[in-house]
Amino acid sequence: QVQLVESGGGLVQLGGSLRLSCAASGSLFSLYGMGWYRQAPGKQRELVATIASGGSTTYADSVKGRFAISRDNVKNTVYLQMSSLKTEDTAVYYCNQQRGVFTYWGKGTLVTVSS
């Protein structure tokens, strides 16, 4: 069973930065792609960024140039560095791991950007 635990959320001012972390249990972490999603109040969950096992990354257009996803396969952790935060970045951020037909989610961490 895989467990994903997010951390690093909180209250940040407009234009500020935060780094989210997602620690994964389970073996063979390095073999699987990881992703960050977010869900704002009243909206559907949306993809923010992904990182493949080989390190290639993708980003939603709304965060390109501001967010950076990375992974540490020794620590079984994926990160989301967020900069130049906007009020519309306010959301619960979820970590995701795709293992074949199985998808695992963390419980999320809340990011609130204040103006």
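Just above sits the structure.
The structure presented is a predicted model; accordingly, all values stated were derived computationally and were not measured. (Residues numbered from 1 in each chain as written. Predicted model: local features only at pLDDT ≥ 70, side-chain atom pairs only at ≥ 80, totals over all residues. Heavy atoms only, no water.)

What follows deals with the pattern of salt bridges. Here the structure, examined in full by the defined rule, presents 4 salt bridges. The closest approach of N and O atoms between arginine 38 and aspartate 89, which form a salt bridge, is 2.9 Å. Here arginine 38 is found in strand β4 (residues 34-39), whereas its partner aspartate 89 is found in the loop between β8 (77-82) and β9 (91-99), with 51 residues between them in sequence. Aspartate 89 shares its class with arginine 38; the two are buried. Residues aspartate 61 and lysine 64 are paired through a salt bridge, measuring 3.1 Å at the closest nitrogen-oxygen approach. Residue class for aspartate 61 comes out exposed when judged on its relative accessible area of 64%. (Salt bridge = Lys/Arg side-chain N within 4 Å of Asp/Glu carboxyl O. Helix = DSSP H or I, 4+ residues; strand = E, 2+ residues; numbered from the N terminus. Buried < 20%, exposed > 50% of the residue type's maximum accessible area, 1.4 Å probe, protein only.)

Another point: the packing of aromatic side chains. Within this structure, the stated rule accounts for 1 aromatic pair. With 4.9 Å between their ring centres and 70° between their planes, tyrosine 37 and tryptophan 105 make a pair best called edge-to-face. Placement of the pair is tyrosine 37 in strand β4 and tryptophan 105 in strand β10 (residues 102-105), with a sequence separation of 68 residues. Note on tyrosine 37: relative accessible area 21%, which makes it partly exposed. If you follow arginine 45 out to its NZ or CZ, it ends over the ring of tyrosine 94, 3.7 Å from the centre. Lying over the aromatic face of tryptophan 105, arginine 45 brings its terminal NZ or CZ to 4.6 Å of the ring centre. (Phe/Tyr/Trp six-rings, centres within 6.5 Å; stacked < 30°, edge-to-face > 60°. Lys NZ or Arg CZ within 6 Å of the ring centre and 35° of its normal.)

Quick look at the layout of surface pockets now. Counted as a void, the largest pocket has a volume near 190 Å³. Within the lining of the largest pocket, the residues separate by chemical class into 2 nonpolar, 4 polar and 7 charged. (1 Å grid on protein atoms, 1.4 Å probe; cavity = no way out; pocket = protein on both sides within 12 Å on 5 of 7 lines; lining within 4 Å. Points joined across faces, edges and corners; volume = space filled by probe spheres on them. Nonpolar A, V, L, I, M, F, W, Y, C, P; charged D, E, K, R; others polar.)

Moving on: the state of the cysteines. Enumeration according to the criterion identifies 1 disulfide in this entry. Disulfide pairing places cysteine 22 opposite cysteine 95 at an S-S distance of 2.1 Å. On the sign convention where negative is left-handed, the bridge of cysteine 22 and cysteine 95, at about -80° about the S-S bond, is left-handed. Highlighted residues: cysteine 22 in strand β3 (residues 18-24) and cysteine 95 in strand β9, separated in sequence by 73 residues. (Disulfide = S-S within 2.5 Å.)

Any functional reading would require information that these geometric values do not contain.
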